[in-house]
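Summary of structural features
Okay, here's what each chain looks like letter by letter:
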Amino acid sequence: MRQKIVAGNWKMNKTFEEANILASEVMGMVADEVKGNVKVIFCTPFPYLHPIKNLLGSNSRISVGAQNCSEHESGAYTGETSAVMLKSMNIPYVIVGHSERRQYFGEDGKLLAKKVDIALKNGLTPIFCCGEPLDVREKNGHEALVKKQVEESLFHLEAAQLEKVVIAYEPVWAIGTGKTATSQQAQEMHAVIRKHLAGKYGANVADNISILYGGSVNAANAKELFACPDVDGGLVGGASLKSREFTEIIKSI
Ligand code: PEP
């Protein structure tokens, strides 16, 4: 059975005090109500990872994740954080290839393949993001582009490695815009991704990969999106910063 996941991407938001309040409130509200097979992840800014992890304590339903890692193991890379460091702090997840990193930091498929590799090598689960910009969707090029993104950064992996990756389909035109993909658009693309994985790795492997939808998920649209057969949860930006709304999203799965 595929793991259901609701991950909150806090991006570069919240002071430390606000972050603690947010995490505590979600923990309190979710408490015993998170279904057994749902994993909740707070993808926090780097400085908050360890304290928020400590705050979560032995809560096995909620984990923390980083929003990025370096493609290098260590060395003279001022300002960077390595997967080795994350591993040494027992951080289980890391987002790789968010569209904001692709857009503002020039991260391309080849670099992201290295980040996926180094994350896996250090026992982290990469949450690999893919998705098309609006102009590509308007020209009907979204399927081809997303398949290419998946090929470039994941198809060098062995099946056993791929099974440790979580994929997030995030159409760029839906991120932070309030414009969500319809459940039909989301389902179509998730099925395309899964079929593409099946073509390379076989249906058994593809069936075990969690594919999350991201792009203006909120309390009002989560239920319909999560009901799609190939949507295994969400990567949530803006709405993950509001404890009540994020909790509603978690409960929608
Ligand atoms: C994201 O940052 O991955 C995201 C999907 O953001 P939002 O939910 O705000 O669109």
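Use the structure listed above.
First, a word on what this report is: a plain description of the structure on this page. (Residues numbered from 1 in each chain as written. Predicted model: local features only at pLDDT ≥ 70, side-chain atom pairs only at ≥ 80, totals over all residues. Heavy atoms only, no water.)

What follows deals with the overall build of the protein. In terms of regular secondary structure, the protein is built from 12 helices and eight strands. Taking 2.2 N^0.38 as the reference for a compact globule, 253 residues should give roughly 18 Å; the C-alpha atoms of the protein span a radius of gyration of 17 Å, in line with that estimate. Dimensions of the protein along its principal axes, counting C-alpha atoms only, are 45 × 45 × 35 Å. Residue burial in the protein is summarised as follows: out of 253 residues, 53% are buried. In the protein, of all internal contacts separated by at least 6 residues, the share reaching a separation of at least 24 is 72%. When the accessible area of the protein is evaluated, it comes to approximately 11,300 Å², of which 51% is carbon and sulfur surface. Averaging the positions of the 28 positive and the 28 negative side-chain charges in the protein gives two centres separated by 2 Å. (Helix = DSSP H or I, 4+ residues; strand = E, 2+ residues; numbered from the N terminus. Rg over C-alpha atoms; globule rule 2.2 N^0.38 Å. Buried < 20%, exposed > 50% of the residue type's maximum accessible area, 1.4 Å probe, protein only. Contact = heavy atoms within 4.5 Å. Areas by Shrake-Rupley, 256 points an atom, 1.4 Å probe, with all protein chains shown as cover. Lys, Arg positive; Asp, Glu negative; His and termini not counted. Charge placed at Lys NZ, Arg CZ, Asp CG, Glu CD.)

With burial as the criterion, each face of strand E7 (residues 211-214) is covered, one bearing Ile-211 and Tyr-213 and the other bearing Leu-212 and Gly-214. In this structure, strand E6 (residues 166-169) lies alongside E7, joined through three bridges in parallel fashion. Within E7, the residue paired with Ile-167 across the bridge is Ile-211. (Pairing = 2+ DSSP bridges.)

What follows concerns helix H5 (residues 109-121). Between its terminal C-alpha atoms H5 stretches 18 Å, which fits the 18 Å expected from 13 residues at 1.5 Å a residue. Those residues of H5 that are buried lie in contact with helix H3 (83-88), strand E4 (93-96), helix H4 (99-105), strand E5 (125-130), helix H7 (142-154) and helix H8 (159-162). Gly-123, located one to two residues past H5, shows a positive phi value of around 75°. (Expected span 1.5 Å × (residues − 1).)

On to the pairing of E5. When you tally the buried positions in E5, you get six out of six residues, the bulk of the element. Neither face of E5 is open: one carries Thr-125, Ile-127 and Cys-129, the other Pro-126, Phe-128 and Cys-130, and all of them are buried. Note that E4 and E5 share four bridges and pair parallel. The residue bridging Tyr-93 from the neighbouring strand is Thr-125, located in E5.

Pairing is parallel in the closed barrel, where eight strands are placed in the order E1-E2-E3-E4-E5-E6-E7-E8. Across the sheet, the mean angle from the axis of one strand to that of its neighbour is 30°, orientation sign disregarded. Where strand E3 (residues 62-66) lies against E4, two bridges are found, and the strand directions are parallel. Directly across from Gly-65, in E4, lies its bridge partner Tyr-93. (Axes fitted to C-alpha atoms, helices over the stretch in contact; angles between N-to-C directions.)

Quick look at helix H12 (residues 243-251) now. Turning to H12, its buried residues number three or more, namely Ser-243, Phe-246, Thr-247, Ile-249 and Ile-250. Looking down the long axis of H12, one finds its buried residues gathered within 155° of arc, a one-sided arrangement. Taken together, the buried residues of H12 touch strand E1 (4-9), helix H1 (16-30), strand E2 (38-43), helix H11 (222-226) and strand E8 (233-236). (Arc of directions from axis to C-beta.)

All right, on to the site of the ligand then. Lining the immediate surroundings of the ligand are 14 residues, of which Lys-11, Glu-170, Gly-176, Ser-216 and Gly-237 lie closest. Contacts to the ligand include His-98, whose side-chain N or O atom sits 2.9 Å from an oxygen atom. Here Glu-170 contributes a side-chain N or O atom positioned 2.7 Å from an oxygen atom of the ligand. Burial of the ligand by the protein chains amounts to 96% of its free accessible area of 290 Å². Its residues placed into classes, the shell around the ligand shows four nonpolar, eight polar and two charged. (Near = heavy atom within 4 Å. Polar contact = N/O pair within 3.5 Å; in protein donor to acceptor, adjacent residues only side chain to side chain. Nonpolar A, V, L, I, M, F, W, Y, C, P; charged D, E, K, R; others polar.)

Our focus in this paragraph is unusual backbone geometry. Backbone geometry places Lys-11, a non-glycine residue, at a positive phi of 50°. For Lys-11, the position within the fold is in the loop between E1 and H1. Phi is positive for Asn-140, close to 65°, though the residue is something other than glycine. In this fold, Asn-140 is placed in the loop between helix H6 (134-138) and H7.

Just geometry here; none of it tells us what the structure is for.
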